[in-house]
Amino acid sequence: MHKNILFFITCLYCTLFLNVYCMETQNKFKIGFEFQESTHLCSWAKNNRKFQKVPLLEVWNVDDNKLWYHIEIDGDDIEFVTRPFTHNEEAQLALCIISIQDTLGVLKKLFCKYSSPIPLSKKQENNPITITFSEWFIELQKFFAGKSLFEGHLPQDIEQRTGQIQSTMTLVFPEKEVNELNNWSPIFAPHVTIQHPLELTIPLYLSLLGDDSSLIIALPNKGALSSTNWADFEEMCVTKESGLIFLHAFTLLRMVPSSVEINRVPIIQNISSLNEIAAELDSELLKETKSQYISSGQVDIKGRLLIMSRRPFSELFKNVVDPNKLYQGSFKNERGENSYIEAFSTAMNEYDYPHFEKYMRLFSKVNYGEQFFLDEGKPINLIGFTALFTNTFRKNNEQLLNELLREGIITIVMIRNFDEDIKIQNATSKALDNPIVIDLFEGDNWYNLMLSTVESPNITYIIKYKDELGILAKDFLYDMLSPGCFMHGDDSMGRIKDMAEQDIAFGEAIIEIRAISSVNQWFLDLHNLFDTYNKIDFFLTYSYNDISNQAVQLWKFLKNFNTKDPLIQLRILGLLKKVEELKDV
């Protein structure tokens, strides 16, 4: 009884404290959403680059004359991409999400209209239902006109970019699900992108996703943290410098093959033991690439990331250290010089907490790739790359390599198995320290390169897939991870460099939460959110739920988020207990 009363008083105090504090200070931020509908309605577009990420319909709000969201194709799915909404646009965000659900309601009605009410012969009963984008958009225009809130606009360059007009582009309801059409409730693969001050990075993502152990491993300065002392955490982790180191460390950590993929040892203890299983590991990672490509059509590194910086780490570093920028900070070492590498190494490679360092011994075994396409959008056959591989690697993986290369896919696993006489071609004015391709992956070279380019993004490496095949070094302004080395800029993690449109006053960090559907139970309980059918990972996922309310609750969480809030402090201090579990592992 006494415990219940004490708990009630504590909650009341926290609520009153938070309400008073929020009246005084509220966060400035932007938040945008991507909802990829996963019924695979556009299977014809899956392996054609020309149809990917091209806006096919723009939906504008009549009152403010702004673009609120657009519809595009991602893989073989339709995707809804909203504009960023600011900290004072709660009502607009709610209306936007409701409108997205309405557009799917119109699509469902159109599919139902085209499904025959007359019983079909057994031969025809599972025929798919096909409509064109033009038919859907005509119905949407009628719907919008009746509501007087939105207008649909067709971009002028659709035919130029895709080579097709909308009247020939189709949406096909899967034949195996036609009988369930009346109960069709679209399922989303949601992503959320948030712009916020860099110093809020660690407390914000620990609060939302902190049950994932890799977030704890990526914390800088773990030796200075305590699960009972908030002041220590705030001093060490609520800074711009620590926010950048955390984002970088977490990205590196998620790129490393997991113990499941390695399937031999949980953590490689030294380089010699790694070399003993290198051939088998490479074969397993090639299989993983094929599996990932079949299931999602994606071979780049983004699929492994829970959170992802949309700005290059090198640009964030400039924001922290440049006194001419709006935000100022320092990575100064004992000699008074700015040194990102020294600061990162000191923060992450602690004697009592060697977990991160042990994982980085595997960094030369990262596994991601790029897919290359012909001008007409189809994958280019890169079977010619087999001549560059070692005889052993080629013989051990011949069928798998041929399958991937014919789909235009080149991976890091392939590149690090180039023959020893394959040199890096030079298209840069800077001297090359590693003239042989495989030297990039010797020892800690690859890992050290990823650290050095944050402060000095001088060169990058790209895949030459036309004419003379191979690897080319060239001048480049981004760091190695933004975009990922050997990747197209279109597939980059840190694609946003010019902050003019984003307005840096809202914060220098722009982070895509790719695992937002798995937001933790603490957040769900805080906002009284649950799934109608008790499914896990439901947040912003199932259209039978009120996803507009879910989006608004996330918006409210960001607006009221503050490290002075006792609930936030209790949440994070509870998570810091996991830090002790990493000691002397």
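The rules behind each value
Residues numbered from 1 in each chain as written. Predicted model: local features only at pLDDT ≥ 70, side-chain atom pairs only at ≥ 80, totals over all residues. Heavy atoms only, no water. Buried < 20%, exposed > 50% of the residue type's maximum accessible area, 1.4 Å probe, protein only. Helix = DSSP H or I, 4+ residues; strand = E, 2+ residues; numbered from the N terminus. Pairing = 2+ DSSP bridges. Salt bridge = Lys/Arg side-chain N within 4 Å of Asp/Glu carboxyl O. Axes fitted to C-alpha atoms, helices over the stretch in contact; angles between N-to-C directions. Phe/Tyr/Trp six-rings, centres within 6.5 Å; stacked < 30°, edge-to-face > 60°. Lys NZ or Arg CZ within 6 Å of the ring centre and 35° of its normal. Contact = heavy atoms within 4.5 Å. Core = buried A, V, L, I, M, F, W, Y, C linked by side-chain atoms within 4.5 Å. Parallel < 35°, antiparallel > 145°, perpendicular 65-115°, else oblique. Left-handed = near helix turned anticlockwise from the far one by under 90°. Nonpolar A, V, L, I, M, F, W, Y, C, P; charged D, E, K, R; others polar. Patch = residues over 30% accessible without salt bridge, like charges linked within 9 Å, V, L, I, M, F, W, Y side chains within 5 Å. Areas by Shrake-Rupley, 256 points an atom, 1.4 Å probe, with all protein chains shown as cover. Lys, Arg positive; Asp, Glu negative; His and termini not counted. Charge placed at Lys NZ, Arg CZ, Asp CG, Glu CD.

Novice: How should I be thinking about the pairing of strand β2 (residues 57–61) in this particular structure?
Specialist: Burial of β2 is extensive: four of the five residues sit out of reach of the surface. Pairing analysis gives five bridges linking β2 to strand β3 (residues 66–74), with the strands arranged antiparallel. Within β3, the position partnered with Asn61 by the bridge is Lys66. The antiparallel hairpin formed by β2 and β3 contains four residues in its connecting segment, where Asn65 sits at a positive phi of about 55 degrees. Sheet topology places β2 next to strand β7 (residues 150–153); four bridges connect them, and they run antiparallel. When the bridges of β7 are listed, Asn61 appears paired with Phe150.

Novice: Teacher, can you tell me more about the pattern of salt bridges here?
Specialist: Any two side chains of opposite charge can pair if their charged atoms end up close together. Tallying each qualifying case throughout the model produces 18 salt bridges. The partner of Glu79 in a salt bridge is Lys53, and the shortest N-O contact between them spans 2.9 Å. Taken together, the positions of Glu79 in strand β4 (residues 77–82) and Lys53 in the loop between β1 (30–37) and β2 put the pair 26 residues apart, joining distant regions of the chain. By relative accessible area, which is 1% here, Glu79 ends up buried.

Novice: What is the right way to look at the sheet that holds strand β15 (residues 470–475) in this model?
Specialist: Think of a sheet as strands paired side by side through backbone hydrogen bonds, with each pair either parallel or antiparallel. A sheet is described by the order of its strands in space; here three strands give the open sequence β13-β15-β14, paired in mixed fashion. Edge positions in the sheet fall to β13 (425–427) and β14 (459–464), since each has one partner strand and no second. When the angles between neighbouring strand axes are averaged without regard to direction, this sheet yields 30 degrees. Pairing geometry for β13 and β15, over three bridges, is parallel. Counterpart to Asn426 in the pairing with β15 is Ala473.

Novice: Please explain the packing of aromatic side chains as it appears in this structure.
Specialist: Centre distance and the angle of the planes are the two values used to describe a pair of aromatic rings. Evaluation of the coordinates by the stated rule reveals 36 aromatic pairs. Residues Phe173 and Trp184 carry aromatic rings whose centres are separated by 5.3 Å and whose planes lie at 90 degrees to one another, so their mutual orientation is edge-to-face. Placement of the pair is Phe173 in strand β8 (residues 170–173) and Trp184 in the loop between β8 and β9 (188–196), with a sequence separation of eleven residues. Of the residues examined, Trp184 reaches a relative accessible area of 8% and is grouped as buried. Members of the aromatic cluster, joined through ring pairs, are Trp68, Phe85, Phe143, Phe144 and Phe150. Lys28 extends its terminal NZ or CZ atom over the ring of Phe506, reaching a point 4.9 Å from the ring centre.

Novice: I keep staring at helix α16 (residues 398–406) and nothing clicks. Help me out?
Specialist: Along an α-helix, residues three or four positions apart point the same way, because every turn accommodates 3.6 residues. Among the residues making up α16, those that are buried are Leu400, Leu401, Asn402, Leu404 and Leu405. Buried residues belonging to α16 abut α11 (278–296), α15 (391–396), β12 (409–411) and α17 (412–415). A positive phi of about 75 degrees marks Gly408, the residue just after α16.

Novice: Looking at this model, I keep getting lost on the nonpolar core. Mind explaining?
Specialist: As a rule of thumb, soluble globular proteins bury nonpolar side chains together. Trp136, Trp446, Tyr461 and Phe486 are the most contacted members of the largest nonpolar core, which totals 171 residues. Filtering out sequence-adjacent residues up to four positions away, Trp446 remains in contact with Phe363, Ser364, Val366, Tyr368, Leu440, Phe441, Cys485 and Phe486.

Novice: Looking at this structure, how should I read the packing of helix α2 (residues 90–114) against helix α20 (residues 547–560)?
Specialist: Helix packing for two helices is described by the angle between their axes and how far apart those axes are. Close contact between α2 and α20 brings their axes to 8 Å; oriented N to C, the two are set at 150 degrees. The pairing of α2 with α20 is recorded here as roughly antiparallel in orientation. In the packing of α2 onto α20, the handedness of the crossing is right-handed. Residue-level contacts link Glu90, Leu93, Ala94, Ile97, Ile98 and Gln101 of α2 to Ile547, Ser548, Ala551, Val552, Trp555 and Lys556 of α20. Of the residues belonging to the contact of α2 with α20, the class tally is eight nonpolar, two polar and two charged.

Novice: What is the right way to look at the side chain of His87 in this model?
Specialist: Following the sequence through the fold, His87 ends up in the loop between β5 (85–86) and α2. For His87, the residues in contact, after removing those within four places along its chain, are Asn27, Lys28, Phe29, Phe506, Trp555 and Lys559.

Novice: What is the right way to read a negative patch on the surface from this model?
Specialist: On the surface, a cluster of negative charge is contributed by Asp419, Glu420, Asp421 and Glu442. Relative to the helices and strands, Asp419 is located in the loop between α17 and β13. Under the relative-accessibility criterion, Asp419 is labelled partly exposed at 30%.

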